[in-house]
Amino acid sequence: MELTKNYDVLQENEFSSNRAMVMISFVTALFFASLWFISELKILEMYEMTETRIAFFSAIMLLCLSSSVSIYFKYKKRWIKHLLMTSVILALAMIEVIYTYNVTIIIVIPIVLSSRYFSEKYTLITSGTTFLVFLIARALGACFGAIDLNCLELPAGTVIDLGSYTWLYDVFENGIIAFDKEQYLFNVLFYGYAVDLVFVTIVATGCAIIALQGKKLINRQKEMSEHTVRVDTELKLASTLQMDMVPNKFPAFPERDEFDLFASMTPAKEVGGDFYDFFLIDDDHLYIVIADVSGKGIPAAMFMMLAKGVLANQIIKSRSPAQALADTNEELCRNNTNSLFVTVWLGILTISTGKLVAANAGHEYPVIKDPGGSFEYLKDKHGLVLGGRTGMKYTEYEIDLKSGSKLFVYTDGVPEANNEAEEQFGTDRLLSSINQTDDSSPENILTGMHLAIKDFICDAEQFDDLTMLCLEYRGS
């Protein structure tokens, strides 16, 4: 069974990280543009040099170009992360060439950003690449960048008056200070960058651990998501199968004019424990049942399927509601390790006469309406629920339906429906609501009841399964 197509949490995280990298690139470019603007205003002397402007311009163009390409491809190409990371490393390395010792901390920025992709391998590769690129940048900076006075080896008593010469190139060209250029380069790389190497190693190790743990976390989330998708798919399939197990095509008996019926079942969860059933035992007898299994979800649904099947078999065999309930009770009590039970109202209608023989196993009272009258509760005698205890007997009773009589049966989810104020729909409101419905057909009655319940509960969560069935007897 295919759960989702091309569903990859790590890939989605990569695209999300690309978007974050683009934002960081634009912010960095804006920061460099601000420094460039300062250099143009000649506010700070260190930003006035032509080299500074070239470095800022190159870094800004590099960052903006890579970000624009990423946006154009909607961040979803696998090479986007390499493009963005390379542009960030090179842009920062350009600044490193100019200012060398002043911006040592920027070397760890790409490494920290790489951990966002949750790949320890990618973090280690980025760390190695960053170290090599910045090593080259530091070497170039030692030749052309700002002077690092800490790395100069000058005789004692040397007076340094650089004036406006803060760049090595100018110092070399104008002979401001006599010093060993090769020794200076060695000092910059060994004493300066060696310390950075230790710092980079510590940061890279920490970021690799963070990336690894993040990858494990995201993989666990992926497994949980796949499990959730699989469970949802199975529950939807179970819900479809359950709905297919009850009659759901109406009109149910278009060839019969003597009666009409309509039923509906709305589970509180994907699957529920309520069910109804009806079928013609023979040309003159109609079997009707409505039931409610204790509990909700998958266990209740499985018990519901068992009870429905056993009831149908027993009613065909005995053709007696009371006997069918008793025999079904014995079957359900066997191996009932979960102590589930089911309430049942069951009736057999003799179509030619309108006589309805019924029995009740702990279910809600049926509601009856005679022609020209109103709906009233029929407080029939209840037996014990099915599955509760073996050896139970049940009592039958008869109802004489006249032409135009209506029967309404339901599960406890109807009177126990709660609104946001924790008030129940209740039996009184049920009776009042059904008497206000359009009773021209069973379907209209159930539609009216659904609307009444919906208006009552408003935005409250459905607490229990809602199942209703209405029969109209029209006579021979």
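Structure first, text after, so check above.
Residues numbered from 1 in each chain as written. Predicted model: local features only at pLDDT ≥ 70, side-chain atom pairs only at ≥ 80, totals over all residues. Heavy atoms only, no water.

Chemist: Explain the sheet that holds strand S10 (residues 466-473) to me, and be specific about the residues and the numbers.
Modeler: In spatial order, the strands read S1-S10-S9-S6-S7; together these 5 strands make up an open sheet with antiparallel pairing. The open sheet has two edge strands, strand S1 (259-266) and strand S7 (376-377), and neither has a second partner. The pairing of S1 with S10 spans 8 bridges and is classified as antiparallel. Its bridge partner lying in S10, aspartate 260 is registered against glutamate 472. Across the sheet, helix H11 (residues 442-457) lies against S1, strand S9 (405-410) and S10, angled at about 150° from S10, the strand it touches most. (Pairing = 2+ DSSP bridges. Helix = DSSP H or I, 4+ residues; strand = E, 2+ residues; numbered from the N terminus. Contact = heavy atoms within 4.5 Å. Axes fitted to C-alpha atoms, helices over the stretch in contact; angles between N-to-C directions.)

Chemist: Residues and numbers for the packing of aromatic side chains, please.
Modeler: Evaluated as defined, the whole model comprises 13 aromatic pairs. Look at tyrosine 72 and phenylalanine 73: their rings are 5.1 Å apart centre to centre, the planes differ by 90°, and that puts the pair in the edge-to-face class. Judged by its relative accessible area of 66%, tyrosine 72 falls in the exposed class. When the ring of tyrosine 117 is compared with that of tyrosine 122, the centres are 5.4 Å apart and the planes differ by 70°; the resulting orientation is edge-to-face. The class for tyrosine 117 is buried, based on a relative accessible area of 6%. Judged by its relative accessible area of 7%, tyrosine 122 falls in the buried class. (Phe/Tyr/Trp six-rings, centres within 6.5 Å; stacked < 30°, edge-to-face > 60°. Buried < 20%, exposed > 50% of the residue type's maximum accessible area, 1.4 Å probe, protein only.)

Chemist: I'd like a rundown of empty space enclosed by the protein, residues and numbers included.
Modeler: The final tally for this structure, using the stated rule, is 1 cavity of 30 Å³ or more. Each pocket or cavity is described by its volume, and for the largest cavity that value is around 50 Å³. Partitioning the lining of the largest cavity into residue classes produces 4 nonpolar, 3 polar and 2 charged. (1 Å grid on protein atoms, 1.4 Å probe; cavity = no way out; pocket = protein on both sides within 12 Å on 5 of 7 lines; lining within 4 Å. Points joined across faces, edges and corners; volume = space filled by probe spheres on them. Nonpolar A, V, L, I, M, F, W, Y, C, P; charged D, E, K, R; others polar.)

Chemist: How would you sum up H11? Please name residues and give values.
Modeler: Across its 16 residues, H11 extends 23 Å between first and last C-alpha, which sits within 8% of the 22 Å expected from 1.5 Å per residue. Along H11, the residues that are buried comprise Pro442, Ile445, Leu446, Gly448, Met449, Ala452, Ile453, Phe456 and Ile457. Around the axis of H11, the buried residues are gathered within 160° of arc, so they sit on the same side. Exposed and facing more than 90 degrees away from the buried side of H11 are Lys454 and Asp455. Tucked inside the fold, the buried residues of H11 contact S1, S9, helix H10 (426-435) and S10. Just past H11, the residue cysteine 458 takes up positive phi, approximately 55°. (Expected span 1.5 Å × (residues − 1). Arc of directions from axis to C-beta.)

Chemist: A description of H10 should follow, citing residues and the corresponding values.
Modeler: Every buried residue of H10 is accounted for by Leu430, Leu431, Ser433 and Ile434. Seen along its axis, H10 keeps its buried residues to an arc of 165°; they face one direction.

Chemist: Summarise the nonpolar core; cite the residues concerned and give the values.
Modeler: One finds Val342 and Val344 to be the most contacted residues of the largest nonpolar core, which totals 52 residues. If one sorts the elements of this core by residue count, strand S3 (residues 285-293) sits on top with 7 residues. Excluding residues that lie within four positions of it along the chain, valine 344 makes contacts with Val289, Ile290, Ala291, Leu311, Leu325, Ala359, Asn360, Ala361, His363 and Leu386. With 37 residues, the next largest nonpolar core counts Ala59, Ala93, Phe131 and Cys207 among its residues. (Core = buried A, V, L, I, M, F, W, Y, C linked by side-chain atoms within 4.5 Å.)

Chemist: An account of unusual backbone geometry is requested, with residue identities and associated values reported.
Modeler: Of note, the bond from phenylalanine 250 into proline 251 is cis; its omega dihedral lies within 30 degrees of zero at 0°. On the secondary structure map, proline 251 appears in the loop between helix H7 (181-245) and S1. With phi around 55°, phenylalanine 118 is a residue other than glycine that occupies positive phi space. Tracing the backbone through its elements, the reader meets phenylalanine 118 in the loop between helix H4 (109-114) and helix H5 (120-144). Unlike most non-glycine residues, cysteine 458 shows phi in positive territory, near 55°. Relative to the elements of secondary structure, cysteine 458 occurs in the loop between H11 and S10.

Purely geometric stuff here, so don't read any function into it on its own.
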